[in-house]
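Here's the letter readout for the chains.
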Amino acid sequence: MSQKKRDFYHIAKESGASQDAFELSKLLEIVDRIKPEKILEIGVHRGLSIKAWREAWPAAFVVEQVQGDSHDPATKEKFSTVGQFDFIFIDGDHTLEGVRKDYEMYGSLVRPGGIMAFHDIMRSPERTSYHAGVDCRVFFDELKNRHATIEIWNGTAGDNGPGIGVIFL
């Protein structure tokens, strides 16, 4: 019996998430290939990307919003009890040290063959004041030397677009 193909663009758009709908839909397509059962998001703006994860994979265990500093070992400990995750989305502290720390702390919670993705890997954050101080790109470029990666861009946004960087662990 064939399964109905999910419309990931519709899921992304309807979620109301702060990520670009095209970029988020492409991320959903990539993550769908590993059929995620456990999902964690580090950093929550309005919690609407969590809505996208739940819509895309209704049977998956999606960690609820946990208040706290992602760099606090006590916060990580809350997630450690769940076991390894199939997919972790990093959209928290966008400074170079912050995004590096999130990767270092939570990368070990991704199962072999799992995916970690980073929001806001924009090429030119200095072009818009809203993105001043966003250094995710610098760290993502470092990860390219250690992991297979994919960059997702909405071409209409050019260098000002947020972008999503995907690494395969």
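The present account deals with the structure reproduced in this document.

The rules behind the values
Residues numbered from 1 in each chain as written. Predicted model: local features only at pLDDT ≥ 70, side-chain atom pairs only at ≥ 80, totals over all residues. Heavy atoms only, no water. Helix = DSSP H or I, 4+ residues; strand = E, 2+ residues; numbered from the N terminus. Buried < 20%, exposed > 50% of the residue type's maximum accessible area, 1.4 Å probe, protein only. Expected span 1.5 Å × (residues − 1). Contact = heavy atoms within 4.5 Å. Arc of directions from axis to C-beta. Core = buried A, V, L, I, M, F, W, Y, C linked by side-chain atoms within 4.5 Å. Pairing = 2+ DSSP bridges. Axes fitted to C-alpha atoms, helices over the stretch in contact; angles between N-to-C directions.

### Considering unusual backbone geometry
Excluding glycine, a negative phi dihedral is what most residues carry, and trans is how most peptide bonds are arranged. The phi dihedral of Lys 35 is positive, around 50°, even though this residue is not glycine. The phi torsion at Asp 120 lies on the positive side, around 70°, for a residue other than glycine. Position of Asp 120 among the secondary structure elements: in the loop between strand E4 (110-119) and helix H6 (136-143). You can call Asp 120 buried: its relative accessible area is 8%.

### Description of helix H2 (residues 21-32)
Each full turn of the α-helix corresponds to 3.6 residues, which orients residues three or four apart in the same direction. Along its 12 residues, H2 runs 16 Å from first to last C-alpha, staying within 8% of the 16 Å computed at 1.5 Å per residue. Here H2 lies mainly inside the structure; 9 of its 12 residues are buried. Within H2, burial applies to Ala 21, Glu 23, Leu 24, Ser 25, Leu 27, Leu 28, Ile 30, Val 31 and Asp 32. Each element contacted by the buried residues of H2 is listed here: helix H1 (8-15), helix H3 (48-56), strand E3 (85-90), E4, strand E5 (148-152) and strand E6 (164-168).

### Side note on H6
Buried within H6 are the following residues: Cys 136, Arg 137, Phe 139, Phe 140 and Leu 143. Along the axis of H6, the buried positions cluster into a sector of 165°, meaning they face one direction only. As for H6, its buried residues are in contact with helix H5 (96-106), E4, E5 and E6.

### Description of the nonpolar core
Judged by nonpolar contacts, the single largest core of 26 residues is most densely connected at Leu 27, Leu 28, Trp 53, Trp 57, Phe 87 and Val 166. Of all elements in the fold, only H1, H2, H3, E3, E4 and E6 reach the threshold of two or more residues within this core. Excluding residues within four positions of it along the chain, Phe 87 makes contact with Leu 27, Val 31, Lys 38, Ile 39, Leu 40, Trp 53, Ile 115 and Ala 117. Counting residues in hydrophobic clusters, the runner-up holds 23 residues, among them Ile 42, Leu 109, Phe 118 and Ile 121.

### Topic: the sheet that holds strand E1 (residues 38-42)
Strand order in the open sheet formed by 6 strands is E2-E1-E3-E4-E6-E5, and the pairing between neighbours is mixed. The open sheet is flanked by strand E2 (61-62) and E5, the only strands paired with a single partner. Bridging between E3 and E4 involves 5 bridges; their strand directions are parallel. If you follow Phe 89 over to E4, its bridge partner there is Ala 117. Helix-sheet contacts for H2 involve E3, E4, E5 and E6, and the interaxial angle to E6 is about 10°.

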